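Tertiary structure, described
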Amino acid sequence: MPPVSWQAPLLTLGIGALGAVLFAALSFPVPYLTGPATAVTIAGLAGIRTEALPQRVRDVVFVILGLTIGQGVTPEVLDAIRAWPVTLVSLAASLVVMILATRALLVRYWSMDPKTAFLASSPGHLSYVLGLTEGVKADLKAVAIVQSIRVLALTLIVPAAIAFSGELPERVLAAPEETAPVPFIAMTLIAVLAGYGLKRLKLPAAFLIGGMLVSIALHVTGLVEGTVKQWLVAVAFISLGALIGSRFSGVSRQELLRSLSAGVMITVVSVVLAAAFAAVAAYLTGMNFLAVLIAFAPGGLETMAAMSVLLGLDPTFVASHHVARLLMLTVLVPVLVLGGRKSRD
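Conventions adopted
- Residues numbered from 1 in each chain as written.
- Predicted model: local features only at pLDDT ≥ 70, side-chain atom pairs only at ≥ 80, totals over all residues.
- Heavy atoms only, no water.
- Axes fitted to C-alpha atoms, helices over the stretch in contact; angles between N-to-C directions.
- Helix = DSSP H or I, 4+ residues; strand = E, 2+ residues; numbered from the N terminus.
- Parallel < 35°, antiparallel > 145°, perpendicular 65-115°, else oblique.
- Left-handed = near helix turned anticlockwise from the far one by under 90°.
- Contact = heavy atoms within 4.5 Å.
- Core = buried A, V, L, I, M, F, W, Y, C linked by side-chain atoms within 4.5 Å.
- Buried < 20%, exposed > 50% of the residue type's maximum accessible area, 1.4 Å probe, protein only.

On to the packing of helix 3 (residues 55-70) against helix 9 (residues 181-200), then. Between helix 3 and helix 9, the shortest axis-to-axis distance is 10 Å and the interhelical angle comes to 115 degrees. In terms of orientation, helix 3 lies roughly perpendicular with respect to helix 9. Crossing hand, helix 3 versus helix 9: right-handed. Residues Asp59, Val63, Ile64 and Leu67 of helix 3 touch helix 9, and the partners they reach there are Phe184, Met187, Thr188, Ala191, Val192 and Lys199.

Within the largest apolar cluster, 78 residues are counted, with the highest numbers of intra-cluster contacts made by Leu65, Leu67, Leu106, Leu119, Val292, Phe296 and Phe317. Ranked by residue count, the leading element in this core is helix 15 (residues 315-344), at nine residues. Beyond its immediate stretch of four places on either side in the chain, Leu67 contacts Phe184, Met187, Thr188, Ala191, Gly211, Met212, Ser215 and Val228. By size, the runner-up hydrophobic cluster in this structure holds nine residues, among which are Val151, Leu152, Ile244 and Leu256.

The residue Thr188 is located in helix 9 in this model. Not counting the four nearest positions on each side in its chain, Thr188 is found in contact with Val63 and Leu67.

Below, the structure written as structure tokens:
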């Protein structure tokens, strides 16, 4: 592979790292995610060619994120699963309401055709939604921009909103010692194999889920102890933030402005609805409202799960609900799109 093929990805990662350093210096919430996402987005809109890291490298990043998410799981955490059926039902209800409400607004006030509006209003599962967009001949560009704005906005808005609300934990509990090199290498290799197997099964976010499941299994059984090295976690978070920002590379200002208001509307409405359903679920179960809110927030699985780690919340609860959201959307989105099409035929 010619060296030039790495220039744009490495430049993107460098811009993301600078954003992380700046946001950390400003004490901005979750700086290793929000800093890179903001810096890379601005660079792309300014005309700098930004590009995500190659797929194989991204897979490794997601494995590290998965291992990080799973390392906090203890037998005590698993006891909380008795309350999860209530939150999962609330999550499913919130997805249906989000899609129907935002789709109606896009059709009425943004003059989108119903198929494009349905796909643009999906609260997650970006790659799957874009694949469906091509299959049903909807407006791929509009869907991609609106969905990317949703993911980027949630990456920035959720931690900022938590900080302004005064609910941000003053300090995260001291992390245990880092995992010894040999167990960590073995765990990572097993996680890569698990991710590859899940990818063959067409499961979304396969390497993140594989890493998370392997980490949970090994930590719960006591076969592995400790945490992933902090510098490695920081690199993974910076890579994720840069990936989110790089989606805006090559988008013209006209295209961006045309879909910006739609993306902002979807984000605001979705967050308000997610907060409402999260409040009800937290009240019924007695669970931490912030944990339920991030679990219900219609952002990327990797982003929200990573955010829960950085905010000192229960990452297993958050990640599990985002996995469930993806699986629900796998069924729900095509049913709504195809059902809407048949009703007009």
